[in-house]
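Reading the structure
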Amino acid sequence: MSRRARFAWFWLAAITIVVLSPVASIAAGESIGGKLIQTVGTEKTPVESATVIILQDGIEIGTGQSDAEGAWEIPVPAAGVYDAQLDTSTLPDGVGLTDPEKEVLTDINVREGQAKKVIFPLGVGSVSSVSTYDRVGALFVSGLKLGAIIALCAVGLSLVYGVTGLVNFAHAEMVTLGAVTAYFFHASAVGPQWPLLIASVPAVLVGAGFGWAQEEGLWRPLRARSVGLVAMMVVSIGLSFAVRHLILIFFGGEPRAYPDFAGQPPIEIFGISVVPKNLVTIGVALVVLAGVGLFLQRSRAGTAMRAVSDDADLAESSGIDVNRIILITWMLSGGLAALGGIFFGLNEAVQWDMGFRLLLLIFAAVVLGGLGTAYGAMVGGFVVGIAVEMSTLFMPNELKTAVGLVVLIVILLVRPQGLFGTKERIG
Amino acid sequence: MSDNHPMFGVAPEPGVHKPDPVLVANDLQRSFGGLRAVDVRHLEIQRHTVTSLIGPNGAGKTTLFNLLTGFDTPDFGEWHLNGGALVGIAAFQVARRGMVRTFQLTRSLARLTVMDNMLVAAKDNKGEGLWGAITGGWHATEELNEVRANELLKRFGLDHMADEFAGGLSGGQRKLLEMARALMMNPEVVMLDEPMAGVNPALTQSLLTHITGLRDGGKTVIFVEHDMDVVQEISDWVVVMAEGRVIAEGRPEEIAKNQTVIDAYLGEHHGEAAS
Amino acid sequence: MDWGSIFIDGILATIGPVTAAYAISAIGLNLQFGYAGLLNFGHVAFMLVGAYGMAITVDLGGPLWLGIIVGILTAAVLGFLLGLPTLRLRADYLAITTIAAAEAIRLVVRSSWAQPLTNGVFGIQGFADSFFDLNPFPPAELYGIGSLVVTGRKLWVMIVGWTIAVLMTLLIRRLINSPWGRVLKAIREDEDATTSLGKNVFSYKLQALMIGGAIGGIAGMLLAIEQQNVTPDAYLPQVTFILYVIVILGGAGTILGPIVGAVVFQFLFFTVDALMVNTQANIDWVGDLLTPAAAGQVKLVLVGVGMMVLMVFRPQGILGSREEALIDER
């Protein structure tokens with residue numbers, strides 16, 4: 001192995017250990033949780049995808065959704081007194097509170113280190129009547145936000161594919177690593193406890209570094225050994241698997257929220273209630289994506305990247321240092337993925353498999369836009385995000401992810417090269 | 001060329017009719033992103049001849065091959081083999097109907113033996129169907145195919161390599177294997193994409209003999225070629241393409257004197273000299 | 001550290017019904033990936049679909065033998081649906097689609113929307129009674145030598161399971177050594193060349209996907225029968241991953257590879273796990289660093305790393321030959 005490769009491996013290991021291991025020693029924080037079960041007579045049905053909001057003094061601290069077993073748990077920043085509100089508009093039709101006064105549970109006393117359990121009693125309810133405009137508007141904004149996150153994550157994947165031909169399944173872990181690293185610098189008891197904005201910087205750098213390490217320590221040596229793309233894809237799956245479970249070991253299985261921006265009161269825009277951090281997500285993502293676009297169009301490296309993507313041999317004979325461009329692409333991919341991961345963590349929570357759970361939607365976005373095109377990934381990301389969120393207008397909430405699969409299949413049937421891909425012989 | 005040669009009396013014009021065409025193409029067009037790669041108004045290939053397809057680089061010869069054999073779909077146009085239309089017919093079916101092609105870079109099935117390469121090409125082996133494979137009963141057909149394969153291999157001088165992996169053959173041997181393999185399918189038309197490419201000059205003569213042997217055995221041969229000496233030596237007819245169009249047709253000696261053809265090639269050299 | 005009992009447990013795990021099921025599933029994946037070169041990264045979906053097809057049929061009142069047929073057909077149909085849009089495209093597209101499909105199907109089955117049919121996250125139980133009724137061994141009695149013992153119930157499942165594994169191996173051998181198998185090998189070599197020889201490449205790939213998928217469905221059904229239980233969370237992506245390790249470890253594209261791979265892998269997997277659990281409990285600094293749950297994850301990290309090392313340094317696995325290895329030289 002070359003010196004540089006060994007160097008890269010050392011850094012990869014070092015980063016992993018330094019960043020992740022202290023996280024293991026964090027005691028589980030305080031939280032409020034429960035199980036939403038609809039009881040009709042003796043029949044008990046779990047209620048999935050209903051939203052609970054935790055408030056303190058009227059300010060929103062955090063939200064969470066119930067899973068398929070009706071279980072929900074929302075971390076709270078410290079011991080204290082909270083209120084919990086069930087968002088009845090997110091209850092499925094036919095499910096409602098048996099006691100309407102219990103929509104908000106007040107004076108919940110959470111002790112240090114306690115995972116407090118509370119109950120919302122649910123039975124048969126009436127069909128919920130939220131104004132369509134509100135619902136559509138809120139879902140559209142949700143879609144934009146999810147789309148922004150997916151777009152940020154998808155661009156890197158598409159770019160790496162463009163210059164190397166490799167579908168990097170470990171991309172999901174670059175997303176997770178970004179979120180986890182930001183968590184360490186922001187919220188870990190043994191970390192510097194910087195504000196999230198500051199903590200994002202080392203997170204993005206770590207993401208770029210992971211991309212660098214992968215290319216230097218793994219992919220370039222493999223290319224030099226003439227390892228085929230199929231084998232490399234399997235290797236990337238192995239890497240994804242190993243890193244994912246490493247993160248599980250060091251970060252734990254529980255989802256954790258970023259304390260910053262946790263208690264944000266929503267504001268009204270055009271009559272739609274939006275939480276500001278969502279707008280920030282969308283805004284920052286758009287700015288970053290625009291920056292990437294400018295980079296690709298105007299800068300030398302960006303143009304070179306596009307050239308290598310089109311025809312690596314030709315680019316090389318024009319004097320472009322292909323390996324250097326590939327390295328830059330990997331770093332960019334890692335950095336963008338990390339940023340996407342931070343936003344994803346801000347939007348839901350930081351969890352060991354968050355990247356993998358997003359991967360399905362990232363793939364859908366990349367294929368929709370055209371494997372290998374950056375702009376395609378951006379557009380694809382937003383389209384998939386909006387489609388997934390707005391599909392809940394006529395589909396149960398929990399089937400959202402399946403929408404991503406449907407998009408994927410439909411694209412492959414109708415226009416496999418995606419919106420922006422070229423119709424070469426992809427068969 | 002003698003008087004009773006089939007091409008005798010056929011005028012050397014692009015798109016000219018042939019006395020007994022096995023393959024006819026009309027208004028065949030294919031563009032790649034605005035660039036017109038193939039634009040052939042009319043082309044007929046005479047049965048039982050060796051027709052060579054020549055032209056400068058980028059003239060569209062391989063694209064035309066791909067279109068005719070179903071490996072690519074034209075934007076427009078139609079063509080037929082012995083009167084049977086081939087529009088929309090999948091590539092594997094075109095091959096089954098009797099028009100078999102080889103590739104510019106030999107595609108031997110490297111990790112199969114030479115004999116297996118030949119046996120894959122055999123048509124109508126019941127064992128190739130799922131049901132046939134499970135129920136068995138294909139051994140008799142297999143043995144017959146092996147006998148035929150051995151005959152062909154012997155003809156091409158490869159019979160002693162029958163149990164070697166095809167990947168272990170030399171470049172020239174692989175070309176021969178491709179030809180032998182194509183013959184296993186009993187094709188009517190054999191389309192060779194640059195059969196001489198990358199072949200040791202010492203082998204050229206032997207390959208040429210094999211190609212004319214194909215014709216004498218009752219096949220029609222179309223081949224793409226760059227080497228004008230080769231073209232002169234074995235072609236019954238020459239089709240010249242440039243910039244996607246057929247610019248000239250005729251017997252080899254007529255083409256050699258054709259000004260349009262000379263200009264097309266000179267134009268290429270001119271361009272090369274200037275760059 | 002009780003090496004003796006760790007070893008015994010390792011052997012039991014290796015010859016047990018779960019290993020047999022993994023071997024069967026690997027046989028199916030080996031046909032798809034090892035012989036046809038198809039990048040099916042969602043193989044666990046076939047197992048899930050087969051198992052649920054069977055369980056739901058029985059749950060709705062049907063006999064078990066009908067459930068088994070339904071399970072096999074459902075798995076085959078899934079192969080068809082996944083293959084139809086993707087097999088004419090590049091290999092990456094099948095990879096992406098199958099990974100996405102496996103998770104999406106699992107999530108749908110798990111959802112409360114599907115609850116009436118699949119019982120959502122709780123799954124379906126108790127559908128395999130007719131299978132155990134056929135057991136000639138008294139279920140509670142112990143069989144074996146020394147400390148290597150299994151119950152009559154488990155013995156029955158083991159015998160059935162390994163018999164199926166052997167039968168599937170023989171089926172694959174028959175197919176691969178036939179002209180059909182030769183076409184498949186040719187496709188793996190060079191699709192265009194095979195097309196030029198008059199073979200319908202798409203059809204062959206679809207057949208391989210469907211048959212491999214049906215075999216995966218059988219494996220899923222065996223697992224479900226053994227536990228008398230199907231739950232969506234038993235069909236996580238890590239199962240597909242482990243199957244890949246098994247196939248490649250044994251030797252992709254070999255007849256006996258899947259069985260050898262399953263046996264070797266299970267033994268290693270189980271032993272590493274037992275070792276980790278033991279060291280975590282008994283050795284102080286390890287116990288400080290890792291929780292019991294974390295210790296259980298170490299084997300998975302090693303699987304991921306092992307897979308990478310395998311692909312790079314010995315892609316032909318145990319039984320494969322270097323020339324036929326899956327690395328395509330540029």
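Every chain's residues receive numbers from 1 upward, in the order its sequence appears when written. To read the labels, note that chains go from A and ligands from 1, taken in the order they are written. Thresholds applied to this predicted model are a pLDDT of at least 70 for local features of residues and 80 or more for the giving and counting of side-chain atom pairs; totals over whole chains, interfaces and linings are not thresholded and use all residues.

Right, let's talk about the environment of Asp-233 of chain C for a bit. All names here are of chain C. Within the secondary structure layout, Asp-233 lies in the loop between β4 (229-230) and α12 (237-250). Exposure classification rests on a simple neighbour count of other C-beta atoms within 10 Å of a residue's own: a residue reaching 20 or more is buried, one at 12 or fewer is exposed, and one in between is partly exposed. C-beta atoms are placed from the backbone. Taking the number of C-beta atoms within 10 Å as the measure of exposure, Asp-233 has 10 and is therefore exposed. It is 30 Å that separates the C-alpha atoms of Asp-233 and Lys-205, two residues lying 28 residues apart in sequence. What counts as a helix is a DSSP run of H or I of at least four residues, what counts as a strand is a run of E of at least two, and both are numbered from the N terminus.

Residues and elements named next belong to chain A. Across its 23 residues, helix α6 (residues 276-298) extends 32 Å between first and last C-alpha, which sits within 8% of the 33 Å expected from 1.5 Å per residue. Looking only at α6, the buried set comprises Asn-278, Thr-281, Ile-282, Ala-285, Leu-289, Val-292 and Leu-296. For the purpose of contact definition, each residue receives a C-beta atom placed from its backbone, and two residues are in contact when these atoms lie within 7 Å. On the buried face of α6, the contacting elements are α2 (132-164), β13 (272-274), α7 (300-310), α9 (322-347) and α11 (374-390). What a helix should span is 1.5 Å times the count of its residues minus one.

Moving on, we come to the interface of chain B and chain C. Tallying the contact residues gives 28 residues for chain B and 24 residues for chain C. Within the residue set of the side of chain B that touches chain C, elements represented by two or more residues are α2 (91-96), β6 (99-101), α3 (114-121) and α4 (130-135) of chain B. Gly counts as polar in this scheme, as do all residues outside two lists: the nonpolar Ala, Val, Leu, Ile, Met, Phe, Trp, Tyr, Cys and Pro, and the charged Asp, Glu, Lys and Arg. Partitioning the side of chain B that touches chain C into residue classes produces 16 nonpolar, three polar and nine charged.

Before going further, it helps to examine the interface of chain C and chain A. Between chain C and chain A, the residue contacts involve 46 residues of the former and 41 residues of the latter. Every element with two or more residues in the side of chain C that touches chain A is listed here: α4 (64-86), α5 (91-110), α12 and α15 (292-313) of chain C. With 13 residues, α5 of chain C is the largest single contributor of residues to the side of chain C that touches chain A. Grouping the constituent residues of the side of chain C that touches chain A by class yields 31 nonpolar, seven polar and eight charged.

Strands in a sheet are paired, the pairing made by backbone hydrogen bonds, and the direction either parallel or antiparallel. All names here are of chain B. Here, strands pair whenever DSSP counts at least two bridges between them. In space, the four strands of this open sheet follow the order β2-β1-β4-β5, with antiparallel pairing throughout. Either end of the sheet is taken by a strand with one partner, and the two such strands are β2 (35-46) and β5 (84-85). Sheet topology places strand β1 (residues 21-32) next to strand β4 (residues 76-81); five bridges connect them, and they run antiparallel. Paired with Asn-26 across the strands is Glu-78, a residue of β4.

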